[in-house]
Amino acid sequence: MKVLVINCGSSSLKYQVLDMTNESVLAKGLVERIGMDGAVLKHEKAGVDEKFVLETPMKDHKDAIANVLDAVVDGEHGVVADIKEIGAVGHRVVHAGEKYASSVVVTEQVIKDLEDCIELAPLHNPPNLQGIAACEEILPGIPQVAVFDTAFHQTMPPESYIYAIPYDYYTNYGIRRYGFHGTSHKYVSERAADILGVNLNDLKLITCHLGNGASVSAIKRGKCIDTSMGFTPLAGLVMGTRSGSIDPAIISFISDKEGISADEVVDILNKKSGMLGVSGISSDFRDIGEAVEQGNERAELALKVFAHQVRFYIGAYIAEMNGVDAIVFTAGVGENDIDTRDIICQELGNLGIKLDLVKNKVRGKETVISRDDSKVSILLIPTNEELVIARDTYELTK
Ligand code: ADP
């Protein structure tokens with residue numbers, strides 16, 4: 001069976017077609033600038049170097065998905081002879097609130113539940129739902145599955161997810177820690193158990209998903225017991241442009257000083273803070289790394305603040321789990337940034353966490369990067385959220 005995986009953002013859409021008989025990726029691509037001038041689809045067929053690029057107006061996600069399906073069945077660039085070969089579609093959906101703790105086949109009730117969650121994820125759930133609606137129209141009768149960023153974190157105990165604010169805000173408005181990147185934390189934790197040759201039920205893991213957005217999770221016996229993102233993805237670690245957790249009183253203070261609304265301050269915390277805000281240079285760790293080499297002090301400070309935060313969560317989660325067997329690095333920065341991994345792991349030796357500086361000189365490859373005498377294993381595991389979505393979709397619909 002072939003599965004189409006779709007990840008709809010507000011103006012972009014990523015997709016993959018996988019053959020589930022051997023979990024191989026047949027094609028993948030990206031549509032950008034949906035609903036804007038200059039909309040473009042970039043499609044890659046496995047084993048073919050040259051990308052197929054289509055520049056054509058796409059007014060909404062339905063137009064984008066129609067073009068994706070045309071590319072998937074195209075005589076030259078396509079990977080299926082007939083669209084009916086696509087047995088199911090798996091969608092990444094950001095927020096399922098407390099409604100779903102695992103992936104689910106999309107029904108009218110599921111769509112209603114996800115619409116109820118829009119107020120929790122106003123930027124993310126609407127495009128996810130548009131993608132589902134578009135597929136229902138263009139591919140009628142083909143089952144669709146929703147895979148949620150929040151689902152894996154639903155195993156957290158109340159002491160991890162309850163904020164110490166009036167309890168009615170939780171019961172009335174659903175204000176609690178939800179956590180995100182769940183599909184990635186789940187995938188790398190399962191791979192870690194395979195690589196270590198130990199049953200997941202016997203492991204205490206700390207998984208560090210360090211990308212443009214970043215989060216750390218504590219995973220005990222295969223279940224998430226805590227994670228650094230919160231009610232929204234703004235909480236926790238310092239990120240590319242997001243502040244991570246700050247003293248909440250800062251919001252009204254900035255609002256008074258700058259004469260702007262609380263919403264505008266939160267927008268600054270989301271888009272102009274983090275590595276960009278501290279360094280004044282860029283949100284991208286490659287630019288930060290270059291600036292550090294040229295002696296830029298603010299870039300160096302940003303990197304130190306980031307590493308301090310990651311260490312902070314590693315320490316906290318070791319305390320919460322009363323130990324740790326392995327620490328996993330994944331996502332853009334975690335998989336590729338040798339220096340940042342090095343800085344994070346410095347001064348953790350007394351906790352039994354020792355990075356091998358030679359083994360650490362690697363990018364984007366599944367491997368162990370701790371020293372042989374390190375009590376705690378340190379692993380580099382490239383994440384693969386699309387594969388998790390495809391597997392869940394296949395399992396629920398085969
Ligand atoms: P997201 O999915 O959250 O948008 P990614 O996981 O793709 O983000 O991570 C993107 C980030 O990874 C980039 O902004 C950059 O900071 C970092 N990154 C990617 N490649 C490298 C590299 N070779 N060296 C250092 N950092 C890198």
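Everything below is about the structure printed above this text.
Notes on the structure follow.

Cut-offs and rules
- Residues numbered from 1 in each chain as written.
- Predicted model: local features only at pLDDT ≥ 70, side-chain atom pairs only at ≥ 80, totals over all residues.
- Heavy atoms only, no water.
- Salt bridge = Lys/Arg side-chain N within 4 Å of Asp/Glu carboxyl O.
- Helix = DSSP H or I, 4+ residues; strand = E, 2+ residues; numbered from the N terminus.
- Buried < 20%, exposed > 50% of the residue type's maximum accessible area, 1.4 Å probe, protein only.
- Pairing = 2+ DSSP bridges.
- Contact = heavy atoms within 4.5 Å.
- Axes fitted to C-alpha atoms, helices over the stretch in contact; angles between N-to-C directions.
- Phe/Tyr/Trp six-rings, centres within 6.5 Å; stacked < 30°, edge-to-face > 60°.
- Lys NZ or Arg CZ within 6 Å of the ring centre and 35° of its normal.

With that out of the way, let us pick up the pattern of salt bridges. Any two side chains of opposite charge can pair, so long as their charged atoms come close to each other. Per the stated rule, a full pass over the model turns up 22 salt bridges. In this structure, Lys-62 engages Glu-137 in a salt bridge whose closest nitrogen and oxygen atoms are separated by 2.8 Å. Remark: Glu-137 occurs in helix α3 (residues 125–138) and Lys-62 occurs in helix α1 (residues 61–73); sequence separation between them is 75 residues. The class of Lys-62 is partly exposed, set by a relative accessible area of 34%. What makes Glu-137 exposed here is its relative accessible area of 53%. Among the ionic pairs, Lys-359 bridges to Asp-356, the shortest N-O distance being 4.0 Å.

Attention now goes to the sheet that holds strand β6 (residues 86–93). The eight strands lie next to each other as β5-β4-β3-β2-β1-β6-β8-β7, forming an open sheet whose pairing is mixed. Because the sheet does not close on itself, it has two edges, and the strands there are β5 (52–55) and β7 (104–105). Pairing analysis gives five bridges linking strand β1 (residues 2–8) to β6, with the strands arranged parallel. Each bridged residue has a counterpart across the sheet, and for Leu-4 the counterpart in β6 is Val-89. Strands β1, β6 and β8 (144–148) of the sheet are contacted by α3, whose axis makes an angle of about 165° with β6.

Scanning the model with the defined rule gives eight aromatic pairs in all. Relative to Tyr-170, the ring of Tyr-161 has its centre 6.1 Å away and its plane inclined at 50°; by these criteria the two rings are tilted. Here the two residues Tyr-161 and Tyr-170 agree in accessibility, since each one is buried. With centroids separated by 5.5 Å and ring planes inclined at 85°, the aromatic side chains of Phe-312 and Tyr-313 adopt a geometry described as edge-to-face. Through successive ring pairs, a cluster of aromatic residues spans Tyr-161, Tyr-167 and Tyr-170. When the ring centre of Tyr-161 is taken as reference, the NZ or CZ atom of Arg-176 above it lies at 3.6 Å.

With that settled, the discussion passes to the pairing of strand β3 (residues 24–32). The pairing of strand β2 (residues 13–19) with β3 spans seven bridges and is antiparallel. Across the sheet, the residue bridging to Gln-16 is Lys-28, located in β3. Count of turn residues in the β2/β3 antiparallel hairpin: four residues, of which Glu-23 carries a positive phi of about 60°.

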